[in-house]
Amino acid sequence: MYDYRGPMVLYAFAAALVQAARSVSAEPQPPGAVPGLPSAEPASPKIDVSGAHVFYGAHRVLENITLAVRPHAVTALIGPSGCGKSTFLRSLNRMNDIVPGARVEGSIRIDNQDIYAAAVDVVDLRRRVGMVFQKSNPFPKSIFDNVAYGLRINRMTRSRVELGGRVEASLKAAALWEEVRDRLHASALSLSGGQQQRLCIARALAVEPEILLMDEPASALDPIATQRIEELIYDLKSRYTIVIVTHNMQQAARVSDVTAFFWLGKLVESGRTDKIFTAPSEKLTEDYVTGRFG
């Protein structure tokens, strides 16, 4: 079970700890280590972004973003509204392709494959890199059919028995099975807001992605539903690489292993979440996480 007490106590005093931690020198990292993560961990990132620029027409939204995303970890993207967090998130599964005039320069690689290469199957990419949006968006279908939708259109099951098993497994992975097992054929729109968001997570998990992108998945939910989503994120990282956008500093502190701070279309700093919240390298990061602006 996820324990909230440790990170909440640690980060509640972030402003004071920043100054205290500046007197402690950082441990040197060996060659090949990913900045901001313990050197004992392997260096190969799941997502490797290097010198990426994102444009909407002539307007540059993101400038020279370089970030390595570790496998089986939660990376939180923080920063004020309009700083490019969601644009960056959507660039990781090419959702920006549907925006007229959008283009990406630089390198975005997943498992060392350039996802913007001409030969990339975008449909397969979006299956591998699932996405959960800020507002839950269940289809006007039954709970069962919502989860089964991706399996059916991708022809990923060969029988009704296999389909039922995959739906059940996905609902269990999203911590929703026990709440809906007796009403699988009821409308998904009859679920509460928190349940609808977990259903959307189950729908994303059903097609067996490797990466899960979440754009403020709990921003519209009450505190109890938010806690359920955060517990779920904490549990899912053992099987998936998760990147989450959040405006909630406490949420970033609770659920993430790595935090990246964006400001005016630039990545100011990234590193272990405990370091970003207690001993950031940049004064701008310190001012943001301690509430001086934002």
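Look above for the structure.
First things first, this report covers the structure right here in the doc. Only a predicted model underlies this, so the values are computations on that prediction, with no experimental measurement involved.

How each quantity is defined
Residues numbered from 1 in each chain as written. Predicted model: local features only at pLDDT ≥ 70, side-chain atom pairs only at ≥ 80, totals over all residues. Heavy atoms only, no water. Pairing = 2+ DSSP bridges. Helix = DSSP H or I, 4+ residues; strand = E, 2+ residues; numbered from the N terminus. Axes fitted to C-alpha atoms, helices over the stretch in contact; angles between N-to-C directions. Contact = heavy atoms within 4.5 Å. 1 Å grid on protein atoms, 1.4 Å probe; cavity = no way out; pocket = protein on both sides within 12 Å on 5 of 7 lines; lining within 4 Å. Points joined across faces, edges and corners; volume = space filled by probe spheres on them. Buried < 20%, exposed > 50% of the residue type's maximum accessible area, 1.4 Å probe, protein only. Phe/Tyr/Trp six-rings, centres within 6.5 Å; stacked < 30°, edge-to-face > 60°. Lys NZ or Arg CZ within 6 Å of the ring centre and 35° of its normal. Salt bridge = Lys/Arg side-chain N within 4 Å of Asp/Glu carboxyl O.

1. Thoughts on the sheet that holds strand 9 (residues 258-263)
Strand pairing within a sheet occurs via backbone hydrogen bonds; the two strands may be parallel or antiparallel.
Phase 1: Strands sit in the order 6-7-8-3-9-10 across an open sheet of 6 strands; the sheet is mixed. A strand with exactly one partner marks an edge of an open sheet, and here the two such strands are strand 6 (129-132) and strand 10 (266-272). Taken over all neighbouring pairs, the strand axes of this sheet differ in orientation by 15 degrees on average, direction set aside.
Phase 2: Pairing analysis gives 4 bridges linking strand 3 (residues 74-78) to strand 8 (residues 241-245), with the strands arranged parallel. Across the sheet, residue Leu77 finds its bridge partner in strand 8, namely Val245.
Phase 3: Where helix 9 (residues 223-236) meets the sheet, its contacts fall on strand 3, strand 7 (211-215) and strand 8, and the angle it forms with strand 8 comes to roughly 150 degrees.

2. Topic: the layout of surface pockets
Phase 1: Its volume calculated, the largest pocket comes out at about 620 Å³.
Phase 2: Together, 24 residues line the largest pocket, and Arg126, Arg127, Gly130, Met131 and Val207 are the ones closest to its centre.
Phase 3: Within the residue set of the lining of the largest pocket, elements represented by two or more residues are helix 4 (122-128), strand 6, helix 5 (143-153) and helix 8 (193-206).

3. Focus on the pairing of strand 1 (residues 47-56)
Phase 1: With 7 of its 10 residues buried, strand 1 lies for the most part within the structure.
Phase 2: Two elements, strand 1 and strand 2 (residues 59-69), share 7 bridges in a ladder whose sense is antiparallel. Counterpart to Asp48 in the pairing with strand 2 is Ala68.
Phase 3: Where strand 1 folds back on strand 2, the antiparallel hairpin that results is connected by 2 residues, among which Gly57 adopts a positive phi of roughly 65 degrees.

4. Digging into the packing of aromatic side chains
Phase 1: As enumerated under the stated definition, the model contains 3 aromatic pairs in all.
Phase 2: Ring centres 5.0 Å apart and planes at 20 degrees place the aromatic pair Phe261 and Tyr288 in the stacked group. Of this pair, Phe261 sits in strand 9 while Tyr288 sits in helix 12 (residues 283-289); the two residues are 27 residues apart in sequence, bridging distant segments of the chain. Taken as a pair, Phe261 and Tyr288 share a single burial class, namely buried.
Phase 3: Stacked on the ring of Phe55, the Lys or Arg Arg103 has its end atom at 4.1 Å from the ring centre.
Phase 4: It is Arg203 that lies over the ring of Phe139; its NZ or CZ is 4.1 Å from the centre.

5. Quick word on the pattern of salt bridges
Once their charged atoms are close, side chains differing in charge can pair, the charge on each being opposite to the other.
Phase 1: Under the counting rule described, the total for this entry stands at 23 salt bridges.
Phase 2: As a salt-bridge pair, Arg128 and Asp111 come within 3.4 Å of each other at their nearest N and O atoms. Residue Arg128 is located in helix 4, and its partner Asp111 is located in the loop between strand 4 (102-110) and strand 5 (113-114); the two are separated by 17 residues in the primary sequence.
Phase 3: Its relative accessible area of 11% is what places Arg128 among the buried residues.
Phase 4: For Asp111, a relative accessible area of 41% puts it in the partly exposed group.
Phase 5: Residue Asp145 pairs with Arg152 through a salt bridge whose shortest N-O separation is 2.8 Å.

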